[in-house]
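Residue-level structural notes
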Amino acid sequence: MTTRQRLCILGSTGSIGTSTLDVVARHPARYEVVALTAHTRVDELLAQCRQWRPRWAAMSDAASAQRLQQQIRAEGLRTEVLAGPQALVDLAAHPEVDSVMAAIVGAAGLPSCMAAARSGKRLLLANKEALVVGGAQFIAAVREGGAQLLPIDSEHSAIFQCLPEDRSAWAQRVDHIVLTASGGPFRQREPASLRDVTPDQACAHPNWVMGRKISVDSATMMNKALEVIEAKWLFDLQPEQVQVVIHPQSIIHSMVVCRDQSVLAQLGTPDMRVPIAYGLSFPERIASGASALDLLALKSLTFEAPERARFPGLFLAWEALAGPHGSTAVLNAANEEAVAAFLARQIRFTDIHGVVARTLELEVPRLSLSLDVPVEALIELDGQARRAACNVIAQLH
């Protein structure tokens, strides 16, 4: 009898976390959920504990963990509740965990991702910031720990699915890759009118159901900037080998252009359960629950070049990659603060790019980051950038 894969889901109450549980529910003989984590969503995590009966549940917010603990005790559940950011790190590295779904949004997910990498886990990476902030340090941790790194972002999963399983063959086969982008809700909107965009409008994605922060990133195409950086590290590419095209239908999830100019593409309906299922089962394939792609129903597949005037944030990716070591971490931190300020209606939609660009100018990283740099140094750089971004935001009020 095959031993079930013991799974820890970091960020289980978010969209990726819940989609992961949906896939796992379809294959009870293959997977065992042993640990679930969240930040402050007590009610949602409690409901998941009722259904999945994990051995551990952790909340990075201590007050929320205390509330969860009270509810767990009141209902007589046997799940052990852990509190604080360190609890997530401990679970990601726990010897009774085989696979880790890293679905925490933002730089907050970096310590637990690093712990899973160094512990040699099967690491399903939906937290692109781990690579944007950690970069070479994160890849070094994966290699030294013997972890199996599997990308979950739909674009990077598509690239991964188009490449041979033998990673040593990648460099000889690949000329460049093409990440596709939907263009978000403002692909055809007059750029001059974007300053009046509201948070609700920015979060109304035409193709994907996502959290508010990621939805705003899609609207600005900053998500694609982060994915360019992520792809550079995931597939060991030069920045100029990563290209982006707008593909409004979100059917082709990304492409690999080979040295002989053959183009390999992965197609499917826009449903995150597909890359999640592939990551969970690699190198096999299992049912994801996604609907089948009806080729006869497709009217057209179109492609456009992203405009700098409409999506200036996208082009910061290559600028940051060409900048001093640590620039991509600064870009990510500044963007997180700018998006939070926009969602709080403190700045305009078009100010997001300005905050990030200005922070990159002001907060040039000064740290000498070697491959053995501690996570704490990366977190400190992240904090420096956030403070600089907040100062920029304050000047806009």
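Attention now goes to the overall build of the protein. The number of helices and strands found in the protein is 16 helices and 11 strands. With respect to the principal axes defined by its C-alpha atoms, the protein has extents near 55 × 50 × 40 Å. Out of the 397 residues in the protein, the part that is buried amounts to 57%. A separation threshold of at least 6 residues defines the contact pool for the protein, and within that pool the share at least 24 residues apart is 70%. If you sum the accessible surface of the protein, you get close to 17,100 Å²; carbon and sulfur atoms cover 49% of it. Seen as two clouds, the 37 positive and the 41 negative side-chain charges of the protein have centres 4 Å apart.

Another aspect to go through is helix 4 (residues 85–92). Regarding helix 4, the residues found buried are Ala87, Leu88, Val89, Leu91 and Ala92. Contact partners of the buried residues in helix 4: strand 1 (5–10), strand 2 (31–38), strand 3 (56–59), strand 4 (80–83), strand 5 (99–102) and helix 5 (110–118).

Before going further, it helps to examine the sheet that holds strand 4. Taken in spatial order, the 7 strands make up an open sheet running 4-3-2-1-5-6-7, and their pairing is parallel. Unpaired on one side and paired on the other, strand 4 and strand 7 (148–151) mark the two borders of the sheet. Taken over all neighbouring pairs, the strand axes of this sheet differ in orientation by 20 degrees on average, direction set aside. Of the pairings in the sheet, the one linking strand 1 to strand 5 comprises 4 bridges and is parallel in character. Along strand 5, the bridge assignment pairs Leu7 with Ser99. Across the sheet, helix 2 (residues 42–52) touches strand 2 and strand 3, and the angle it forms with strand 3 is around 175 degrees.

Once that is clear, we can look at the sheet that holds strand 10 (residues 252–258). Spatially, 9-8-10-11 is the arrangement adopted by the 4 strands of the open sheet, whose pairing is mixed. Each edge of the sheet is formed by a strand with only one pairing partner; in this case those strands are strand 9 (242–246) and strand 11 (263–267). Adjacent strand axes in the sheet meet at a mean angle of 20 degrees when their direction is disregarded. Direction of pairing for strand 8 (residues 174–181) relative to strand 9: parallel, over a ladder of 5 bridges.

Turning to its location among the elements, Arg310 is positioned in the loop between helix 12 (273–281) and helix 13 (316–322). Apart from residues lying up to four places away in sequence, Arg310 is in contact with Phe186, Arg187, Gln188, Arg189, Glu190, Pro191 and Leu194.

Here we come to the pairing of strand 6 (residues 122–125). By the alternation rule, side chains of strand 6 split into Arg122 and Leu124 and Leu123 and Leu125, which are all buried. With 4 bridges joining them, strand 6 and strand 7 adopt parallel strand pairing. What sits directly across from Leu125, in strand 7, is Pro151. For the crossover that starts at strand 6, traverses helix 6 (residues 129–145) and ends in the parallel strand 7, the hand is right-handed.

All right, on to unusual backbone geometry then. Residue Pro283 is reached from Phe282 by a cis peptide bond, and omega for that bond is 5 degrees. Positionally, Pro283 belongs in the loop between helix 12 and helix 13. You will see that Ser250, though not glycine, has its phi angle at about 55 degrees, which is positive. Here Ser250 lies in the loop between strand 9 and strand 10. In this structure Ser250 comes out as buried when scored by relative accessible area, which is 7%. A positive phi angle, close to 60 degrees, is found at Arg345, a residue other than glycine. Its relative accessible area of 56% is what places Arg345 among the exposed residues.

This paragraph deals with a nonpolar patch on the surface. Taken together, the side chains of Leu267, Leu295, Leu301 and Phe303 define a hydrophobic patch exposed on the protein surface, amounting to about 350 Å² of accessible area. Mapped onto the elements of the fold, Leu267 is located in strand 11. On the basis of relative accessible area, Leu267 is assigned to the partly exposed category, the value being 37%.

About the criteria used
- Residues numbered from 1 in each chain as written.
- Predicted model: local features only at pLDDT ≥ 70, side-chain atom pairs only at ≥ 80, totals over all residues.
- Heavy atoms only, no water.
- Helix = DSSP H or I, 4+ residues; strand = E, 2+ residues; numbered from the N terminus.
- Buried < 20%, exposed > 50% of the residue type's maximum accessible area, 1.4 Å probe, protein only.
- Contact = heavy atoms within 4.5 Å.
- Areas by Shrake-Rupley, 256 points an atom, 1.4 Å probe, with all protein chains shown as cover.
- Lys, Arg positive; Asp, Glu negative; His and termini not counted.
- Charge placed at Lys NZ, Arg CZ, Asp CG, Glu CD.
- Pairing = 2+ DSSP bridges.
- Axes fitted to C-alpha atoms, helices over the stretch in contact; angles between N-to-C directions.
- Right-handed = clockwise from strand over helix to strand, strands pointing away.
- Patch = residues over 30% accessible without salt bridge, like charges linked within 9 Å, V, L, I, M, F, W, Y side chains within 5 Å.
- Salt bridge = Lys/Arg side-chain N within 4 Å of Asp/Glu carboxyl O.

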